[in-house]
Amino acid sequence: PLGRWLLSPGAPPAERLAAPRSPQVCNCFDVREDQIRACLAAGDGSLAALQAELKCGTQCGSCLPALRRYVNQGVPA
């Protein structure tokens, strides 16, 4: 979306420079990585807590491997 601004004489609008969204991990419930990390930090850090709070990993299950990696990695300090 910013490609056309590369050669323009003016600067792109400020709303175009917003920080990118965190990567989406769960497609079924639109759960992003930042939400998962926040939930792990606030809760007990278990997969069951993630599923109860955010519902991720409870529909199709395709995000379960990624969720397990987040749980096993822990929350970075």
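Residues numbered from 1 in each chain as written. Predicted model: local features only at pLDDT ≥ 70, side-chain atom pairs only at ≥ 80, totals over all residues. Heavy atoms only, no water.

1. Considerations on the overall build of the chain
Now for step 1: A tally of regular secondary structure across the chain gives three helices and two strands.
Now for step 2: In sequence order, the secondary structure elements of the chain are arranged as β-β-α-α-α.
Now for step 3: The buried share of the chain, reckoned over its 77 residues, is 25%.
Now for step 4: Considering only intrachain contacts with a sequence separation of at least 6, the fraction spanning at least 24 residues in the chain is 39%.
Now for step 5: Taken as a whole, the chain presents about 5,400 Å² of accessible surface, with 56% of it coming from carbon and sulfur. (Helix = DSSP H or I, 4+ residues; strand = E, 2+ residues; numbered from the N terminus. Buried < 20%, exposed > 50% of the residue type's maximum accessible area, 1.4 Å probe, protein only. Contact = heavy atoms within 4.5 Å. Areas by Shrake-Rupley, 256 points an atom, 1.4 Å probe, with all protein chains shown as cover.)

2. Some points on the nonpolar core
Now for step 1: In terms of nonpolar packing, the biggest core is built from 15 residues, with Val25, Ile36, Leu50, Leu54, Cys56 and Leu67 touching the most fellow members.
Now for step 2: At the level of elements, β1 (24-26), α1 (33-42), α2 (47-54) and α3 (64-73) are the ones that each hand at least two residues to this core.
Now for step 3: Here the element with the most residues in this core is α3; it accounts for four residues. (Core = buried A, V, L, I, M, F, W, Y, C linked by side-chain atoms within 4.5 Å.)

3. Here we look at the packing of α1 against α3
To characterise two packed helices, one gives the angle between the axes of the helices and the distance between these axes.
Now for step 1: Where α1 contacts α3, the two axes come as close as 11 Å, and the packing angle between them is 40°. By the angle class used here, α1 and α3 are oblique. Classified by chirality, the crossing of α3 by α1 is right-handed. Residues Glu33, Ile36, Arg37 and Leu40 of α1 touch α3, and the partners they reach there are Leu67, Tyr70, Val71 and Gln73. (Axes fitted to C-alpha atoms, helices over the stretch in contact; angles between N-to-C directions. Parallel < 35°, antiparallel > 145°, perpendicular 65-115°, else oblique. Left-handed = near helix turned anticlockwise from the far one by under 90°.)

4. Observations regarding α1
Now for step 1: Those residues of α1 that sit buried are Glu33, Ile36, Cys39 and Leu40. Seen from one end, α1 has its buried residues packed into an arc of 130°, which puts them on one side. Exposed residues lying more than 90 degrees from the buried face of α1 are Ala41 and Ala42.
Now for step 2: Looking at the packing, one finds that the buried side of α1 touches β1, β2 (31-32), α2 and α3. (Arc of directions from axis to C-beta.)

5. Side note on unusual backbone geometry
Now for step 1: For Asp30, which is not a glycine, the phi torsion comes out positive at approximately 50°.
Now for step 2: Along the polypeptide, Asp30 turns up in the loop between β1 and β2.
Now for step 3: Take Asp30: its relative accessible area is 39%, and that puts it in the partly exposed class.
Now for step 4: The phi dihedral of Lys55 is positive, around 70°, even though this residue is not glycine.
Now for step 5: Note on placement: Lys55 falls in the loop between α2 and α3.

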